[in-house]
Amino acid sequence: MGRPSKTNELSLIQRGHTWYIRGKIKGPAGERSIFESTGTRDRERANAIRIQVASRLLAETLHGPKATKTFNEAADSYLDSGGSARFVLEKKKDGRQTGLMPHFGEKKLMDFTQADLDSAAKEMYPTASGDTRNRQFYTPFIAIWTHAVKNKWADAQSWQRPRKAKGTAARAEASRSGTAPVTYERAAEFVSTMSPAPAMVMTALFYTGLRPIEAFALDAKDINIDKRWGVVRSSKTGEPRGFPIHEFLAEWLGPLVARGGFLFRTPRGEPYKEVQSGGGGLKSAIVLNRGRLERMGTPIDDISPYTARHTVSTQLVVNGVHAYVKDQILGHAVDDMSRRYTNVPQQPLIDAINTLPVPDVWRALPWVSDPIKHAGDIALGRDPHAPKPRKT
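Digging into the packing of helix α2 (residues 71–80) against helix α5 (residues 130–150)
Two quantities define a packed helix pair, namely the angle between the helix axes and the distance between the axes.
Thinking step 1. Running from amino to carboxyl end, α2 crosses α5 at an angle of 90°, the nearest separation of the two axes being 9 Å. In this view, α2 runs roughly perpendicular relative to α5, as classed from their interaxial angle. In contact with F71, A74, A75, S77 and Y78 of α2, α5 contributes F141, A143, I144, H147 and A148.
Thinking step 2. When grouped by side-chain class, the residues that make up the contact of α2 with α5 number eight nonpolar, two polar and no charged.

A closer look at the pattern of salt bridges
Thinking step 1. Taken as a whole and assessed by the stated rule, the structure comprises eight salt bridges.
Thinking step 2. Linking D302 and R186 is a salt bridge whose minimum nitrogen-to-oxygen distance equals 3.1 Å. Of the two residues, D302 is situated in the loop between α12 (283–296) and α13 (305–318) and R186 in helix α7 (residues 184–191); the sequence distance between them amounts to 116 residues.
Thinking step 3. Here R186 falls in the buried class, since its relative accessible area comes to 18%.
Thinking step 4. For the salt bridge of E214 with R211, the shortest nitrogen-to-oxygen distance reads 2.9 Å.
Thinking step 5. Residue E214 is classed as buried on the basis of its relative accessible area, which comes to 2%.
Thinking step 6. For R211, a relative accessible area of 8% translates into the label buried.
Thinking step 7. Three or more residues are tied together by salt bridges with common partners; here these are R211, E214 and R241.

Focus on the confidence of the model for the chain
Thinking step 1. Confidence in the prediction for the chain averages 83 pLDDT; 81% of positions are at 70 or higher.
Thinking step 2. No element of the chain has a lower mean pLDDT than helix α6 (residues 168–174), which averages 42, and none a higher one than helix α10 (residues 247–252), which averages 97.
Thinking step 3. Residue range residues 275–279 is modelled with pLDDT below 50. Its contacts to residues more than four positions away, or to other chains, number eleven contacts.
Thinking step 4. In this model, residues 380–392 is a region of pLDDT below 50 whose contacts with residues beyond four sequence positions or in other chains number 34 contacts.

Here we look at unusual backbone geometry
Thinking step 1. Positive phi is not limited to glycine here, since F87 has a value of about 70°.
Thinking step 2. Positive phi outside glycine occurs at R228, with the angle close to 55°.

Remarks on the packing of aromatic side chains
Thinking step 1. What the rule picks out here adds up to 22 aromatic pairs.
Thinking step 2. On the basis of an interplanar angle of 50° and a centroid distance of 5.9 Å, the ring pair of F71 and F112 is categorised as tilted. Pair noted here: F71 is in helix α2 and F112 is in the loop between α3 (100–104) and α4 (114–124), with a separation of 41 residues, a long-range link.
Thinking step 3. Taking the relative accessible area as the measure of exposure, F71 reaches 0% and is therefore buried.
Thinking step 4. A relative accessible area of 6% means that F112 is categorised as buried.

Quick look at the sheet that holds strand β7 (residues 229–232)
Thinking step 1. Across the sheet, three strands lie side by side as β6-β7-β8; this open sheet has antiparallel pairing. At either margin of the open sheet sits one strand with a lone partner, and together these are β6 (223–224) and β8 (241–244).
Thinking step 2. Relative to β7, β6 runs antiparallel, the two sharing two bridges. Bridge pairing in β7 places I223 opposite G230.

Some points on the nonpolar core
The nonpolar side chains of a soluble globular protein tend to be buried, and buried together.
Thinking step 1. By size, the foremost hydrophobic cluster in this structure holds 61 residues, and its most contacted members are M202, F206, Y207, W252, L253, F264 and W362.
Thinking step 2. The dominant element in this core, judged by the number of residues it contributes, is helix α8 (residues 196–206), at eight residues.
Thinking step 3. F264 has contacts with M200, V201, A204, A215, L218, W252, L253, L256, P271 and Y272, leaving out every residue within four places of it along the chain.
Thinking step 4. By size, the runner-up hydrophobic cluster in this structure holds 26 residues, among which are Y78, L100, W145 and A148.

Cut-offs and rules
- Residues numbered from 1 in each chain as written.
- Predicted model: local features only at pLDDT ≥ 70, side-chain atom pairs only at ≥ 80, totals over all residues.
- Heavy atoms only, no water.
- Axes fitted to C-alpha atoms, helices over the stretch in contact; angles between N-to-C directions.
- Helix = DSSP H or I, 4+ residues; strand = E, 2+ residues; numbered from the N terminus.
- Parallel < 35°, antiparallel > 145°, perpendicular 65-115°, else oblique.
- Contact = heavy atoms within 4.5 Å.
- Nonpolar A, V, L, I, M, F, W, Y, C, P; charged D, E, K, R; others polar.
- Salt bridge = Lys/Arg side-chain N within 4 Å of Asp/Glu carboxyl O.
- Buried < 20%, exposed > 50% of the residue type's maximum accessible area, 1.4 Å probe, protein only.
- pLDDT = per-residue confidence, 0-100.
- Phe/Tyr/Trp six-rings, centres within 6.5 Å; stacked < 30°, edge-to-face > 60°.
- Pairing = 2+ DSSP bridges.
- Core = buried A, V, L, I, M, F, W, Y, C linked by side-chain atoms within 4.5 Å.

See the structure below:
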């Protein structure tokens, strides 16, 4: 069974066929206790693990966790707290694991430099644009780092992201669906022919500016219709944030809130999931709707889930909303003060979001009056008595 543990000594004990590590390590930075499985029945292998664990705990008690925490440990904790696994740890069909965790592995947080990030970004995405590297590499890395700082495993850093591309390359990328705003009339034409369930999500995106993954994760308990306020518990930055609810959303979100659980669900009643290609569970609905509009003679191929975020940002500027208020709505202005008041409705933000226009065709959709009744309908489209979309 092994000897009882003593301070500054870790012992091996056997439970069943498996060896466990038990003991305490004490130093100037504190004391660490441990009782965990080595995951092996081989004593020699278990002893090697014990030595590694003892070395790590000794370093922690001498210098604190900042001296020992690895990227994968921080990333694991980030994922356990509800962070997105996209670009962090993903499994391909052939069984390979990709993302930041397989790349950085057990590299210590204290050893990271800006040069390490820039080199890794180029290695992982050699042909990608700066915007793509920013989205798929720097943003998830910084979210994990922010989580580590919050847990006092790392020091706060001002990591530099790629600068926006200039010239023809930038203009070419801006032509892709989702990278440019549209008018609310055009958005209404597109959403009005979608099945109700995805139409509800797209409507929420166009009247909040949320990222698709943030909308997918919304829970009914985090929506306060009366106060026109919602809370994203796990945002792209790894920090919770509040957002205002447009009066149009307040007209029909009530039944979804009363239903409880995930606010938005597929026609089958399942939560939406984010996928590698970017649109998550909305991608197939978007593609199908484009085909439907093509057959109707009103093709619209420049709208995707991220179009809504760009549209909200642009429309708020056009409406004269102050840049700081706009950034707070979109989740850009995340400082200590805004985090402190995440759950407190902010009237300037509510007033600003209500400046977004609501075309008549949007208000006339059948599901607006009864979202629960129509949630499972497929391609219900617009009310036959509602205004018909203009051909563009």
